[in-house]
Structures are given as structure tokens and as C-alpha cells.
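Coordinate inspection notes
Listed below are the residues making up each chain.
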Amino acid sequence: MRHIAIIGSGIIGLLAAHGLRKAGHQVTLYSDRTPEQWLNHCRPTGTAARFDMALQLERDLGLNHWDDVVPWVEGAHLTVCPAPGNRLLTLTGRMRQPFQAIDVRLQSHRWLHDLEARGGRVVYEAVTLERLETIAAGHELTLVAAGRAELAQLFPKDATRELYTRPQRQVAMLCVHGPSMGFDDLPLLPVRFNAFPDAGEIFYMPYLHKDVGPSWNCLVEAKAGGPLDVFGECKTGEEALTVLHGLFREHLPWNAPWFQSARLSDENGWLVGAVTPAVREPVGRLPSGREVMALGDTAMSLDPIAGQGANNGAKQVLTLLEGVATHGERPFDGAWMRATFERFYERHGRETDRFTSF
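Residues numbered from 1 in each chain as written. Predicted model: local features only at pLDDT ≥ 70, side-chain atom pairs only at ≥ 80, totals over all residues. Heavy atoms only, no water.

**Topic: the environment of A145**
Structurally, A145 is set in the loop between β7 (141-144) and α6 (149-152). Judged by relative accessible area, which is 18%, A145 ranks as buried. Separated by 168 residues in sequence, A145 and G313 place their C-alpha atoms 9.7 Å apart. (Helix = DSSP H or I, 4+ residues; strand = E, 2+ residues; numbered from the N terminus. Buried < 20%, exposed > 50% of the residue type's maximum accessible area, 1.4 Å probe, protein only.)

**Some thoughts on the side chain of E58**
One can find E58 in helix α3 (residues 52-60). The exposure class assigned to E58 is buried, which follows from its relative accessible area of 2%. In this structure, E58 is in contact with L15, R50, L63, N64, Q107 and W111, ignoring residues within four places of it in sequence. (Contact = heavy atoms within 4.5 Å.)

**A few points about the nonpolar core**
Counting residues in each nonpolar core, the largest one holds 43 residues, and the members touching the most others are L15 and L143. A per-element tally of this core places helix α1 (residues 11-22) first, with 7 residues. Aside from chain neighbours lying at most four places away, what touches L15 is L57, E58, L61, L63, W111, A314 and V317. With 31 residues, the next largest nonpolar core counts A172, V176, Y204 and L252 among its residues. (Core = buried A, V, L, I, M, F, W, Y, C linked by side-chain atoms within 4.5 Å.)

**Here's the deal with the environment of V220**
With respect to the helices, strands and loops of the structure, V220 is situated in strand β11 (residues 213-222). In the structure, V220 is positioned 24 residues away from L244 in sequence and 8.5 Å away in space, judged by C-alpha atoms.

**Remarks on the sheet that holds β7**
Spatially, the 6 strands line up as an open sheet ordered β6-β2-β1-β7-β16-β15, and their pairing is mixed. Whereas interior strands pair on both sides, the edge strands pair on one side only; in this sheet they are β6 (121-124) and β15 (283-285). Averaged over all pairs of adjacent strands, the angle between strand axes in this sheet comes to 25°, irrespective of strand direction. Bridge analysis of strand β2 (residues 26-31) against β6 gives 4 bridges, and the strand direction is parallel. Counterpart to Y30 in the pairing with β6 is V123. (Pairing = 2+ DSSP bridges. Axes fitted to C-alpha atoms, helices over the stretch in contact; angles between N-to-C directions.)

**Brief notes about the pairing of strand β4 (residues 73-80)**
Strand direction decides the pairing type here: β4 and strand β5 (residues 89-101), joined by 7 bridges, are antiparallel. Bridging across to β5, G75 finds its partner in R94. For β4 and strand β9 (residues 190-196), the ladder comprises 6 bridges, and the chain directions are parallel. By the bridge assignment for β9, T79 is matched with N194.

**Considerations on the packing of α1 against helix α9 (residues 309-325)**
Relative to each other, α1 and α9 sit at 25°, their axes nearing to 9 Å. Compared by their axis directions, α1 and α9 come out roughly parallel. Between α1 and α9 lies a crossing of right-handed hand. Contacts between α1 and α9 involve I12, L15, A16, G19 and L20 on the former and, on the latter, A310, G313, A314, V317, L320, L321 and V324. In the contact of α1 with α9, the residues fall into 10 nonpolar, 2 polar and no charged. (Parallel < 35°, antiparallel > 145°, perpendicular 65-115°, else oblique. Left-handed = near helix turned anticlockwise from the far one by under 90°. Nonpolar A, V, L, I, M, F, W, Y, C, P; charged D, E, K, R; others polar.)

**Looking at the packing of aromatic side chains**
What the rule picks out here adds up to 12 aromatic pairs. Aromatic pair F193 and F203: ring centres 5.2 Å apart, planes at 25°, arrangement stacked. Taken as a pair, F193 in strand β9 and F203 in strand β10 (residues 200-209) lie far apart in primary sequence, 10 residues in all. Taking the centre distance of 5.1 Å and the plane angle of 45° together, the rings of Y204 and F248 count as tilted. With Y204 in strand β10 and F248 in helix α7 (residues 237-251), the pair connects residues that are 44 residues apart, well separated along the chain. Like F248, Y204 is buried. (Phe/Tyr/Trp six-rings, centres within 6.5 Å; stacked < 30°, edge-to-face > 60°.)

Printed below as a string of C-alpha cells:
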């Protein structure tokens with residue numbers, strides 16, 4: 001049994017905690033939010049769509065609590081519009097395996113309680129760099145799966161793998177309910193993806209919201225300065241929703257009547273911002289010389305356009321669990337951390353990075 005600390009209570013930190021705990025290790029997870037704060041006082045950290053490999057990991061860990069109530073996404077419908085209103089190309093495809101997107105706040109709330117019930121230890125505090133020194137000194141392996149700037153700076157960007165130095169898109173995300181869970185013109189429940197080559201993308205995905213249940217998660221990815229880049233002045237979710245209604249009327253008139261009844265699912269259910277894709281050095285060196293390992297978005301952040309963030313993190317967790325299981329009683333030094341990350345990157349990360357960077 002090894003003593004392992006994890007900083008961060010998002011999806012990836014909790015998957016790692018549960019996987020390591022199931023393997024018999026002593027796990028202490030540090031969270032800056034209690035389960036109730038996650039559920040009732042936070043914004044979602046993203047859509048977190050997950051496909052079959054990531055979902056199988058959740059099944060294996062007994063964390064798939066919502067399979068009977070989630071709206072399973074059966075496929076994708078793509079519309080390409082070279083100009084507003086000009087649907088030049090439409091495509092519909094069915095997935096081999098359906099996928100799902102569940103409110104991260106709902107998952108973190110439940111998975112934190114699950115971890116404590118299964119013998120994991122959870123400490124509720126915001127971990128500073130100074131505190132991280134103490135944590136690393138008391139554990140054989142410390143994993144950092146939290147995006148706080150002070151901790152993220154421990155892991156510099158890998159210049160040899162840097163594809164972009166600025167965000168590809170300006171992003172707005174809203175959780176809404178009201179529109180029907182289906183479309184009259186399609187024989188399946190899809191994510192609808194609308195591509196505007198000169199402007200960006202708008203897509204809306206079936207989603208299980210923490211309060212309203214089956215509903216929709218809408219994402220606008222706008223090229224800076226283009227006609228979709230209109231959320232920068234929004235101060236509230238209601239303002240963002242008003243802007244989104246306008247985009248539907250102007251750019252998506254074929255779905256505007258369907259979307260007309262949309263309203264915000266909760267007052268915190270929206271985000272506006274940008275992501276700069278980055279691969280970071282997986283090993284962080286503390287002032288004392290102790291080494292800690294990056295996990296999830298801390299190690300590798302992706303543009304959300306292809307919905308691969310949570311999936312990529314889950315694949316990293318699978319490689320981590322394999323690496324811990326085969327390492328025996330040897331120390332988890334920087335060489336092991338780097339080799340474990342490189343194994344993940346060669347298996348999954350490299351192609352995912354390329355796929356989501358365009």
C-alpha cells in the first residue's frame with residue numbers, strides 16, 4: 001500500500017483517487033470545495049462529454065450512478081454554413097456506442113461522498129505552494145489535478161509540443177432547458193454541430209443537469225473578432241442567454257423555433273472565457289527539491305471543440321493506474337513521473353492534441 005495525495009476534486013482528480021483507492025492504496029484528496037459547494041455554489045467547469053473508454057473506467061470504479069437517467073447521445077448532426085443561412089452541407093451519423101455528458105458539479109458532489117465512504121480521506125482546503133510542500137513531504141506520490149495559477153506554474157509549457165501561444169477560440173457555454181429532447185427532422189438524439197468556417201462553431205448537446213435533469217449544454221466557439229464573438233460583455237447568465245437567442249435567430253434559423261423556449265438551467269450554469277491549448281512538463285519541482293506530478297488539465301489542456309478534455313484525462317488516469325500497479329515498492333521519482341506521462345502521451349495524448357488543434 002502506497003500513500004498518495006491528490007490535489008483537486010474535479011472529474012480527473014476524483015477518478016484517480018477512486019482508482020488508486022480500489023487498488024488498495026491510502027489516498028488523501030485535497031479539495032477547495034465541499035460537496036455542497038460543488039453542487040450549489042459553483043459554475044460547471046465544462047461540458048465534460050465522455051465516450052466509451054472514459055465511461056468504462058467509471059463503470060469499473062462503480063461511479064456510473066446516472067446511466068438510467070442521463071440522455072444518452074446517439075450520434076452527431078453536422079451542418080456546414082459558408083455564410084449565414086446557407087446550409088451547404090449536412091451530415092448525420094450514429095455512434096457505435098452512445099456517449100453522455102453529466103453536470104460536473106453533480107458528479108463531484110457524489111464522488112466526493114463516495115470516496116469517503118470507500119475509505120479515502122478528503123481534506124477541504126485551498127492548497128497553496130507552501131502547503132503543497134508539507135503534503136508532498138508526507139506522501140510517497142503527490143498528483144496535482146487543480147488549475148490554480150500558483151500550482152500550475154510549477155509545470156512550465158513544453159515548448160517542443162507547443163502548437164499555439166494564444167486561444168484558438170473565444171468560448172461561451174450555457175446550460176439550458178426548455179427545448180424538447182429531440183428533433184423532428186432526425187431519427188436519433190444527437191449533438192448538433194454547426195460550423196461556420198469564417199466565424200467559428202455553435203453546438204448543443206444533450207446533458208444531465210444537476211437540478212433540471214435531461215436538458216441541453218450549448219457551446220459557442222468564436223473566432224476572435226468574428227460575428228460569433230459577442231459574449232465578451234456579458235456579466236450574467238441571463239445576458240449570455242439573450243445573446244445566444246440572437247445567434248440562433250441570425251445564424252441558426254432552422255433551429256431557432258426549437259430553441260425559443262430555452263432558459264437558463266441555473267444562475268451559475270454558464271461560462272465565458274478562452275482556453276490556450278498546452279502540453280506541460282509533467283514534473284513540478286518544489287522549492288525544497290521535492291517533485292510532484294501533473295494530472296488532467298494541469299498536464300495537458302485542450303480546446304473544447306471536440307469534447308476531449310475529460311476523455312483525455314481519463315486515459316491519463318488509466319496509464320497512471322497501470323504505472324503505479326507495476327512499480328512495486330520503488331520510489332515515485334521524477335523519472336517515473338515523466339516516463340508515465342510519456343507512455344500516456346504516445347498512446348493517446350499526441351493524437352488527441354493534434355485532433356483538437358485546428
